[in-house]
Amino acid sequence: MITLIYSVFLVLTGIVAGLVGALTGLGGAVIITPVLSILFGVPLEYAAGASLVSTIATSSGAATTYIRDRITNVRIGMSLEIATTLGAIAGSLSAAFVYTHNLSYLLFIVFGAVILLSVYPVIRDGGVKARLKSDWSTKFFELRGRYYDKALKREVKYSGIRWWFGESVMLVAGVVSGLLGVGSGVLKVLAMDSGMHLPIKVSTSTSDFMIGVTAVTGSVIYWELGYIQPLLVAPILIGVLVGAYVGSAIMEKEPSRKLKNIFMLVLVVVAIEMILRGLGIA
Amino acid sequence: MKTPNLDIMLGVVLKLGVTLSAAIAIIGLIVVLVFGNSTIGENFIVTSIIVLFATPVIRVMASVVSFAMERNALYTIITLIVLINILVSILIIPAMVLR
């Protein structure tokens, strides 16, 4: 039986996840799943289900911002979603296999490793890139665009390259999303930023748009398997939306480096905790 | 080029969808926790989750229409493939998994 106090703690968890998401650009799942599974003792599949649902909320909730600012490149996002949605189907089916065979300790280890990998790109800085020579995919997939950069106070024109490379990484991102119940935003940003040579702002904003489409593909499979528990999802969902709203309202400018580093340190500890749990040590 | 009004309208629709979903979830949670009726409360929450699931699907459907109106054949097809992938996960995979 779910109690009022338990629900209040879940809402608070959601708020923290939404805040951290807004401040660092990482999705809420890296907070929600470890907190639910380690602190609350919620089985990993239910924690992952709740995270996946909150990822959709984060993505669709940010829609007005990314459409207004015109930084999101819907074409590029959509062309890459072919791979992320296929990956999400494969990933969520794999998750189903893992959970029904009592192998969830494996996912604790993978989850910890994914959090550790997520930390690096957040610490790294991204500036304006020199334009590289276009390749065939630039032309074929129309990997071009322009946006107004508020910080630079000028319009930035850009073009992307290596679509196939980006698409391949997106397949992995989709699998990770379905397997762990996360948005895989970090992998998506890496694929577009480092792989396809798109500006970091375009990559981040396009990733925010993409995670919702990826997450819903995995979510319906989680749903059918009963991994989405209404009484767990509702308070988390409400909390995440409040946290994301407050986070974006108080953070007009980029958060300070120091604040980011503190968050990242916390995440490293969380990641180690997850790995130890998976290994059966913690 | 796309008409900006359609884009902005879509953004508003998505945000409304998320807000509506959250509102229904709050009602559901109150019904469970304050009035102690889990069945009715959970039905509300399930509805809120379905509304939330609909938001990215609407986003993709709108993009299909938008690319078709631009007469961009390649991207109309690409977006249709994405839509088919989502529909497969909704309609076909669950039937396979639950066998």
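These figures come from a predicted structure and were not determined experimentally. (Residues numbered from 1 in each chain as written. Chains lettered and ligands numbered in written order. Predicted model: local features only at pLDDT ≥ 70, side-chain atom pairs only at ≥ 80, totals over all residues. Heavy atoms only, no water.)

## Some remarks on the packing of helix H5 (residues 74-100) of chain A against helix H8 (residues 163-180) of chain A
Residues and elements named next belong to chain A.
Line of reasoning, step 1. Contact geometry for H5 and H8: axes closest at 6 Å, N-to-C directions at 30°. Judged by the angle between their axes, H5 and H8 are roughly parallel. Crossing handedness for the pair H5 and H8: right-handed.
Line of reasoning, step 2. Looking at side-chain class alone, the contact of H5 with H8 contains 13 nonpolar, 9 polar and 1 charged residues. (Axes fitted to C-alpha atoms, helices over the stretch in contact; angles between N-to-C directions. Helix = DSSP H or I, 4+ residues; strand = E, 2+ residues; numbered from the N terminus. Parallel < 35°, antiparallel > 145°, perpendicular 65-115°, else oblique. Left-handed = near helix turned anticlockwise from the far one by under 90°. Nonpolar A, V, L, I, M, F, W, Y, C, P; charged D, E, K, R; others polar.)

## Quick look at the nonpolar core
Note on soluble globular proteins: their nonpolar side chains tend to be buried together.
Line of reasoning, step 1. Formed by 95 residues in total, the largest nonpolar core has its most connected members in Leu36(A), Leu80(A), Met196(A), Leu267(A) and Phe53(B).
Line of reasoning, step 2. Among all residues touching Leu80(A), those that are not within four sequence positions of it are Trp163(A), Gly166(A), Glu167(A), Met170(A), Met192(A), Met196(A) and Met210(A). (Core = buried A, V, L, I, M, F, W, Y, C linked by side-chain atoms within 4.5 Å. Buried < 20%, exposed > 50% of the residue type's maximum accessible area, 1.4 Å probe, protein only. Contact = heavy atoms within 4.5 Å.)

## A look at the interface of chain B and chain A
Line of reasoning, step 1. In this complex, chain B contributes 45 residues to the contact, which on the side of chain A involves 47 residues.
Line of reasoning, step 2. When the buried surface of chain B facing chain A is broken down by residue, Phe53(B), Arg59(B) and Tyr75(B) rank first, second and third, together holding 15% of it.
Line of reasoning, step 3. Linking chain B with chain A are 7 residue pairs in polar contact (both at pLDDT 80 or more).
Line of reasoning, step 4. Elements with a contribution of two residues or more to the side of chain B that touches chain A: helix H1 (4-33), helix H2 (38-69) and helix H3 (73-97) of chain B.
Line of reasoning, step 5. The dominant element in the side of chain B that touches chain A, judged by the number of residues it contributes, is H1(B), at 15 residues.
Line of reasoning, step 6. For the side of chain B that touches chain A, a count of residues per class yields 32 nonpolar, 8 polar and 5 charged. (Buried area = accessible area lost by both parts, 1.4 Å probe. Polar contact = N/O pair within 3.5 Å; in protein donor to acceptor, adjacent residues only side chain to side chain.)

## Quick word on a nonpolar patch on the surface
All names here are of chain A.
Line of reasoning, step 1. Together, Leu 4, Ile 5, Val 8, Phe 9 and Leu 12 make up an exposed nonpolar region whose accessible area comes to about 500 Å².
Line of reasoning, step 2. Tracing the backbone shows Leu 12 in helix H1 (residues 4-24).
Line of reasoning, step 3. With a relative accessible area of 44%, Leu 12 lands in the partly exposed category. (Patch = residues over 30% accessible without salt bridge, like charges linked within 9 Å, V, L, I, M, F, W, Y side chains within 5 Å. Areas by Shrake-Rupley, 256 points an atom, 1.4 Å probe, with all protein chains shown as cover. Salt bridge = Lys/Arg side-chain N within 4 Å of Asp/Glu carboxyl O.)

## Notes on the confidence of the model for chain B
Line of reasoning, step 1. This prediction gives chain B a mean pLDDT of 88; 90% of its residues lie at or above 70.
Line of reasoning, step 2. Ranking the elements of chain B by mean pLDDT puts H1(B) last with 86 and H2(B) first with 93. (pLDDT = per-residue confidence, 0-100.)

## Here we look at unusual backbone geometry
All names here are of chain A.
Line of reasoning, step 1. Phi at Ser 184 is positive, roughly 60°, even though this residue is not glycine.
Line of reasoning, step 2. In this fold, Ser 184 is placed in the loop between H8 and helix H9 (185-195).
Line of reasoning, step 3. You will see that His 197, though not glycine, has its phi angle at about 65°, which is positive.
Line of reasoning, step 4. Turning to its location among the elements, His 197 is positioned in the loop between H9 and helix H10 (200-224).

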